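# A look at the structure
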Amino acid sequence: MRDGFVKVAAATSAIKVADCEANAKEIIRIVKEADAEGVKVIAFPELCTTGYSCADLFFSDVLIKSAEEALGYIVKETAERDILFAVGLPVLCKDKLYNCAAVAKSGKLLGIVPKANIPNHAEFNEIRYFAPAPEDNGTVYILGEKVPFGKNIIFNCEEIKNLRIAAEICEDLWVGNSPAALHCSEGATLILNLSASNEAIGKDEYRRLLVKSQSARLTCAYVFANAGKGESTTDLVFSGHNLIAENGKLIAEKLPFESAKKDYIVTEIDVDKIAFERRRISTYESNASGKYDKASFSLKKNITTLTRRIAPNPFVPENESEVANRCASIISIQANGLSKRIEAAYAKKCVVAVSGGLDSCLALLVTVKAMDMLGRPHSDIIAVTMPCFGTTKRTKSNAEVLCTELATDFRCVDISEAVNIHFRDIGHDPKNLNVVYENVQARERTQVIMDIANEENGLVIGTGDLSELALGWATYNGDHMSMYGVNASVPKTLIRHIVAYVADSYEKEGKTELAKALRDILATPVSPELLPAKDGEISQKTEDIVGPYELHDFYLYYMVRYGFSPRKLYRLSEVALGDLYDSETRLKWLEVFTKRFFAQQFKRSCLPDGPKVGSVSLSPRGDWKMPSDASSAMWLKEIEELKK
């Protein structure tokens, strides 16, 4: 349960229609099995103690009484288990029969939640048997005691402040005024849906869409437990299609009619992340109506074993079929943003510094697309390569091929002499390969392209990416500055995929030389090329200095997007990247990332404009507002504790 993770499950118990005792035994077996696996919250299907398909048998006193006895049996037999569960049964209250979810934990019945929306159509004629939930909460006498009864009950965990549970039943999800909307506005972070949704052509996809969208718009976790094996097939067939979603993402699923070793699906939800999202979203509705009953329960503290998938490259889709769409979308956003800026600035030219590296390559490709959108020739792009002490033949050659094949106005300005003159002017020894040696080159390059832009009434296109901005890996007032930064919210790990996508596109168009150059750029080590080459090869590899971008992008995404602490970042990196990087390496670069992220904010506070393409951006005008002199002490303190 540490770091907000709670193990939850959606179960489909095998049913014997109208045999409450047999059904109770199945439920008890599953609860015990799930508890042994560390599950803390489990939901069962609608009317699972009786079977959903009992029809007119629901009128029978025998069935109603048997269902209550079955509930008592389940509560008693699971009293020693550290797991909250919700089971479905018919409950009689003030001469009306209700389709209910009974929520219990540690031998105590916490509350009874009646279904709010009772269907009355061809498939489900429930209105024949059940009344809709009363508007106001009350109590019901069941199992020899008065228990909270009503659709508005939230079950709060004493140990995990962000674990707040509410329930709705089947049809409640399908209607426009879903009870879950009010539950979540009252603070519920986890919704349990006890359902009996039959299978029909295409219904599984619609059900999946409903669950995902419900969890997205309500910013919650959603557990959907569906009826299956054993229900009557007189007119309908139930498939046991179970789903668990979090913030719009499906994180666990049992497909319709899928054979499985277990009777439930299980995963971990992150209630702290949900709470963070609600704080972050200013339009999230929070309401304290006073109409809710609050029931408390306790869970033993432990460390939840994580089984859910943690994306090692969170900026990159894990589904290969989605990668191409993502890449096309990003280039389109970048190019549309740039084309608007070109028009607004009445720019006759665009000036791009092309080094033969990944970032400048993408910036050039985006500028080409923007010119195509505007119906302007590629010769309106002035592509400038500026070799100096660290430039290698490989990168220079790739830059030349790229610019020539794209029919740009290609220029080569060797800055070596200008840099040496500047060394003389400031009294710097060229043999001293310190930060001055490096930054003089970066600033000279920026001066060259800015002056060319002035000469040509042009716009300097920035090449720096999101990963570099996070680390401050840019020369202040050097490559840090431009007139429009098209890559400003694209991380390094994603840039690789975008360039690969464009290379494949050119290959299909028969532009083999372009594709070949792009693929060689992809194979070239990331480097600022500011230190002299060794034997004609790059001597300065960025990732050897600041660390692997794969790790930094992982830390960047989860820290900025969800506010995760260093401890949580480190823990998740073990699950996602533990096979690639040992604990010492991950901790080392987490510390570097944290120090650099705080110390380099001053560079981000004066960034040029640039288009946002994803959910993480460091623009000081939009997504990330942070004092340049903020202290990193508390974050580094947590890292020191991890070292111990």
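Data block above holds the structure.
My aim in this report is to walk through the structure given alongside it, one point at a time.

Conventions used here
Residues numbered from 1 in each chain as written. Predicted model: local features only at pLDDT ≥ 70, side-chain atom pairs only at ≥ 80, totals over all residues. Heavy atoms only, no water. Helix = DSSP H or I, 4+ residues; strand = E, 2+ residues; numbered from the N terminus. Buried < 20%, exposed > 50% of the residue type's maximum accessible area, 1.4 Å probe, protein only. Contact = heavy atoms within 4.5 Å. Areas by Shrake-Rupley, 256 points an atom, 1.4 Å probe, with all protein chains shown as cover. Lys, Arg positive; Asp, Glu negative; His and termini not counted. Charge placed at Lys NZ, Arg CZ, Asp CG, Glu CD. Pairing = 2+ DSSP bridges. Axes fitted to C-alpha atoms, helices over the stretch in contact; angles between N-to-C directions. Phe/Tyr/Trp six-rings, centres within 6.5 Å; stacked < 30°, edge-to-face > 60°. Lys NZ or Arg CZ within 6 Å of the ring centre and 35° of its normal. Parallel < 35°, antiparallel > 145°, perpendicular 65-115°, else oblique. Left-handed = near helix turned anticlockwise from the far one by under 90°. Nonpolar A, V, L, I, M, F, W, Y, C, P; charged D, E, K, R; others polar. Expected span 1.5 Å × (residues − 1). Disulfide = S-S within 2.5 Å. Core = buried A, V, L, I, M, F, W, Y, C linked by side-chain atoms within 4.5 Å. Salt bridge = Lys/Arg side-chain N within 4 Å of Asp/Glu carboxyl O.

### Here we look at the overall build of the protein
Scanning the protein from terminus to terminus reveals 20 helices and 20 strands. The buried share among the 644 residues of the protein stands at 56%. The contacts of the protein with a sequence gap of at least 6 include a subset with a gap of at least 24, amounting to 73%. Carbon together with sulfur atoms contributes 49% to the accessible area of the protein, which is approximately 27100 Å² in total. Placing the 79 positive and 87 negative side-chain charges of the protein at their respective mean positions leaves the two points 3 Å apart.

### Focus: the sheet that holds strand S10 (residues 190-195)
Strand order in the open sheet made by the seven strands is S13-S12-S11-S10-S9-S8-S15, with mixed pairing throughout. Edge positions in the sheet fall to strand S13 (249-254) and strand S15 (293-297), since each has one partner strand and no second. Ignoring strand direction, the axes of neighbouring strands in this sheet form an average angle of 20 degrees. When S10 meets strand S11 (residues 221-226), the two strands line up parallel, connected through six bridges. Its bridge partner being in S11, Asn193 is matched across the sheet by Phe224. Strands in contact with helix H5 (residues 203-217) are strand S9 (164-169), S11, strand S12 (242-246) and S13; relative to S12, the strand with the most contacts, it is inclined by about 30 degrees.

### Observations concerning the packing of aromatic side chains
Tallied over the entire structure, the rule returns 24 aromatic pairs. Note on Trp174 and Tyr206: the rings are 5.5 Å apart at their centroids and 50 degrees apart in plane angle, and the pair reads as tilted. You can see Trp174 sitting in helix H3 (residues 171-174) and its partner Tyr206 sitting in helix H5, a full 32 residues away along the chain. With a relative accessible area of 24%, Trp174 lands in the partly exposed category. Of the aromatic side chains, those joined through ring pairs into one cluster are Phe315, Phe554, Tyr555, Tyr557, Tyr558, Tyr562, Phe564, Phe593, Phe597, Phe598, Trp624 and Trp635. We note Lys568 situated over the ring of Phe564; from NZ or CZ to the ring centre the distance is 4.2 Å.

### Concerning the packing of helix H17 (residues 566-577) against helix H18 (residues 583-599)
Interhelical geometry of H17 versus H18 gives an angle of 140 degrees and a closest axis separation of 10 Å. Classified by the angle their axes make, H17 and H18 are oblique. Of the two possible hands of crossing, H17 and H18 adopt the one that is right-handed. Note on element contacts: H18 touches H17 through Ser583, Arg586, Leu587 and Leu590, opposite Pro566, Leu569, Tyr570, Ser573, Glu574 and Leu577. Within the contact of H17 with H18, the residues separate by chemical class into six nonpolar, two polar and two charged.

### Points about the pairing of strand S7 (residues 145-149)
Across five bridges, the pairing between strand S6 (residues 138-142) and S7 is antiparallel. Pairing of Gly138 across the sheet is with Phe149, part of S7.

### So, helix H16 (residues 549-562)
With 14 residues, H16 extends 19 Å between its outermost C-alpha atoms, agreeing within 8% with the 20 Å of an ideal straight helix rising 1.5 Å per residue. Extensive coverage of H16 is indicated by the burial of 13 of its 14 residues. In the segment just after H16, Gly563 is the residue with positive phi, at about 70 degrees.

### Focus: the environment of Phe85
If you trace the backbone, Phe85 turns up in strand S3 (residues 84-93). By relative accessible area, Phe85 is classed as buried at 1%. Leaving out residues up to four positions away in the same chain, Phe85 has contacts with Val31, Ile42, Phe44, Ile74, Val75, Thr78, Ala102, Val103 and Ala104.

### Overview of the state of the cysteines
Within this structure, the stated rule accounts for zero disulfides. In this structure Cys93 is a free cysteine whose sulfur lies 8.3 Å from that of Cys100, the closest cysteine sulfur available. Take Cys93: its relative accessible area is 8%, and that puts it in the buried class.

### As for the pairing of S13
Strand direction decides the pairing type here: S12 and S13, joined by five bridges, are antiparallel. Bridge pairing in S13 links Leu243 to Glu253. Linking two consecutive strands that pair antiparallel, namely S12 and S13, is a turn of two residues; a positive phi of about 50 degrees is found at Asn247 within it.

### Points about the sheet that holds strand S18 (residues 409-412)
Spatial strand order, S18-S17-S16-S19-S20: five strands in an open sheet with parallel pairing. A strand with exactly one partner marks an edge of an open sheet, and here the two such strands are S18 and strand S20 (484-485). Two elements, strand S16 (residues 349-353) and strand S19 (residues 458-462), share three bridges in a ladder whose sense is parallel. Across the sheet, the residue bridging to Lys349 is Gly458, located in S19.

### As for the packing of helix H9 (residues 393-405) against helix H14 (residues 512-523)
Packing of H9 against H14 brings their axes to within 9 Å, and their N-to-C directions diverge by 145 degrees. Considering how the two elements wind past one another, H9 and H14 form a crossing that is left-handed. Mapping the contact onto sequence places Arg394, Asn398, Val401, Leu402 and Glu405 in H9 and Glu513, Leu514, Ala517, Leu518, Asp520, Ile521 and Ala523 in H14. Partitioning the contact of H9 with H14 into residue classes produces seven nonpolar, one polar and four charged.

### Considerations on helix H7 (residues 320-344)
In a regular helix each residue adds 1.5 Å, so 25 residues correspond to 36 Å; H7 covers 37 Å between its end C-alpha atoms and thus fits that length. Residues of H7 that are buried in the fold lie against S16, helix H8 (358-374), S19, S20 and helix H13 (492-508).

### Things to note about the nonpolar core
Nonpolar side chains in soluble globular proteins generally cluster together in the buried interior. Core analysis: the biggest nonpolar cluster contains 88 residues, and Leu338, Leu364, Leu518, Leu556, Tyr558 and Phe597 have the highest contact counts within it. Apart from the residues lying within four places of it in its own chain, the contact partners of Leu556 are Phe315, Leu466, Ala470, Arg561, Phe593, Phe597 and Leu618. Ranked by size, the runner-up nonpolar core spans 53 residues in total, among them Ile30, Phe44, Ile64 and Val91.

### Observations concerning the pattern of salt bridges
What the rule picks out here adds up to 45 salt bridges. With a closest N to O distance of 3.0 Å, Asp3 and Arg571 form a salt bridge. One end of the pair, Asp3, is in the segment before strand S1 (5-11); the other, Arg571, is in helix H17, and 568 residues separate them in sequence. Notably, a salt bridge pairs Glu199 with Arg207, separated by 3.2 Å at the nearest N-O pair. Across the pair, exposure class does not vary: Glu199 and Arg207 are buried alike. Bridged by salt links that share partners, the residues Arg2, Asp3, Arg567 and Arg571 form one connected network.

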